[in-house]
Amino acid sequence: MLPPMTERDQFIQAQVQGMLQPGEQIRGMAFVQRTPSIIVMMLCYWAYFFMTTSYYAALTDRRILLIKTSMGLFRPKIANNGIEEIDLSTVKSVSLGGFLNNRTIDFDKKDGSSEFLRIAPWFKLCAGQGKFMDDVKGTVQALPQG
C-alpha cells in the first residue's frame, strides 16, 4: 500500500502533470538539493548557504523533473521558481553515496560529464523520500542501453 500523499507530493504532481510526455509516468517524488562538494563546505561553511539550490524532484520513467524552490526558515517553501530536468537516457550510470541522512545520487553521463543531487532520505517532506535514491538507480538500470 502506498503512503498517503503529502502536501508537497500534491504540489509536485500538479506542477509536472502538464509536462509529462505521452505515456510518461511519475515513479517517485522527493526533496533534493544541489550543493557544493563536501570539501568546499569544509573549507567555507558559508558556501553551503550561497551555493545550494533546493528542488522538488519528480522521477518519471524517462526523466527527473526538478522544480526549483526556495528555503523557508525551517523547511522548503511550496513554490515553483523554474524547472530543470535530467534526461535519464543521457545517464550512463548512477551511484549512491553518503551516509545516514546526508546521501548523494551521482550521475555519470554518456558525454563524460557528471552531476549529483543530495538527499536526506529520513525527511518526511514527500511520501517517497526514503526510497527515491533506489528508485532513481533502478529506473536508470532498466532503461535500454544505447
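Residues numbered from 1 in each chain as written. Predicted model: local features only at pLDDT ≥ 70, side-chain atom pairs only at ≥ 80, totals over all residues. Heavy atoms only, no water.

**Student:** I tried to follow the packing of aromatic side chains on my own but got confused; where do I start?
**Tutor:** Describing an aromatic ring pair means giving the distance of the ring centres and the angle of the ring planes. Summed over all chains, the structure comprises 2 aromatic pairs. Considering the side-chain rings of Phe11 and Tyr56, the 5.8 Å spacing of their centres and the 70° angle between planes classify their relative orientation as edge-to-face. Pair noted here: Phe11 is in helix H1 (residues 7–16) and Tyr56 is in strand E2 (residues 53–60), with a separation of 45 residues, a long-range link. The residues Phe11 and Tyr56 share a single accessibility class, namely buried. In this structure an aromatic cluster arises from ring pairing among Phe11, Phe31 and Tyr56. (Phe/Tyr/Trp six-rings, centres within 6.5 Å; stacked < 30°, edge-to-face > 60°. Helix = DSSP H or I, 4+ residues; strand = E, 2+ residues; numbered from the N terminus. Buried < 20%, exposed > 50% of the residue type's maximum accessible area, 1.4 Å probe, protein only.)

**Student:** Please clarify how the pairing of strand E7 (residues 114–119) should be interpreted in this entry.
**Tutor:** The two faces of a sheet get side chains in turn, since along a regular strand they alternate between them. In the sheet, strand E1 (residues 26–34) pairs with E7 via 2 bridges, with the strands oriented antiparallel. Bridging across to E7, Val32 finds its partner in Ile119. In this sheet, E7 lies alongside strand E6 (residues 102–109) in antiparallel orientation, the contact comprising 6 bridges. When the bridges of E7 are listed, Phe107 appears paired with Glu115. What sits between the antiparallel neighbours E6 and E7 is a turn of 4 residues, in which Gly112 has the positive phi angle 95°. (Pairing = 2+ DSSP bridges.)

**Student:** Can you walk me through the pattern of salt bridges in this structure?
**Tutor:** Two side chains of opposite charge can pair, provided their charged atoms sit close to one another. Applying the stated criterion across every chain yields a total of 6 salt bridges. Across the salt bridge formed by Arg63 and Glu85, the nearest N and O atoms sit 3.1 Å from each other. Residue Arg63 is found in strand E3 (residues 63–69), and its partner Glu85 is found in strand E4 (residues 83–87); the two are separated by 22 residues along the sequence. Among the residues examined, Arg63 registers a relative accessible area of 6% and is labelled buried. The partly exposed category is assigned to Glu85, whose relative accessible area is 42%. For Glu115, the salt bridge goes to Lys109, with nearest N and O atoms at 2.8 Å. Per residue, the accessibility class of Glu115 equals that of Lys109, and both read buried. Among the ionic contacts, a cluster of salt bridges with common partners joins Arg34, Glu84, Lys109 and Glu115. (Salt bridge = Lys/Arg side-chain N within 4 Å of Asp/Glu carboxyl O.)

**Student:** Just checking my understanding: could you explain the nonpolar core for this structure?
**Tutor:** Soluble globular proteins: nonpolar side chains tend toward being buried together. Judged by nonpolar contacts, the single largest core of 20 residues is most densely connected at Val32, Ile64, Leu88, Phe107 and Phe132. Within the residue set of this core, elements represented by two or more residues are E1, E2, E3, strand E5 (91–99), E6, E7 and helix H4 (132–142). Among the elements that make up this core, the one with the highest residue count is H4 (4 residues). In contact with Phe107, other than residues within four places in its own chain, are Ile64, Ile86, Leu88, Val91, Ser93, Val94, Ser113, Ser114, Glu115, Phe116, Leu117 and Val136. Within the second largest apolar cluster, 12 residues are counted, among which are Ile12, Met29, Leu125 and Cys126. (Core = buried A, V, L, I, M, F, W, Y, C linked by side-chain atoms within 4.5 Å. Contact = heavy atoms within 4.5 Å.)

**Student:** Help me understand the environment of Tyr55, please; the structure alone is not making it clear to me.
**Tutor:** If you trace the backbone, Tyr55 turns up in strand E2. In this structure the C-alpha to C-alpha distance between Tyr55 and Val32, which are 23 residues apart in sequence, comes to 5.4 Å. Leave out the neighbours within four places in its chain, and Tyr55 touches Ala30, Phe31, Val32, Arg34, Leu66, Ile67, Lys68, Thr69 and Glu84.

**Student:** Could you clarify how one ought to interpret the sheet that holds E6 in this entry?
**Tutor:** Pairing between sheet strands relies on hydrogen bonds along the backbone, with the strands arranged either parallel or antiparallel. Strands sit in the order E4-E3-E2-E1-E7-E6-E5 across an open sheet of 7 strands; the sheet is antiparallel. Whereas interior strands pair on both sides, the edge strands pair on one side only; in this sheet they are E4 and E5. Strand-to-strand twist of the sheet, defined as the mean angle between neighbouring strand axes without regard to direction, takes the value 30°. (Axes fitted to C-alpha atoms, helices over the stretch in contact; angles between N-to-C directions.)

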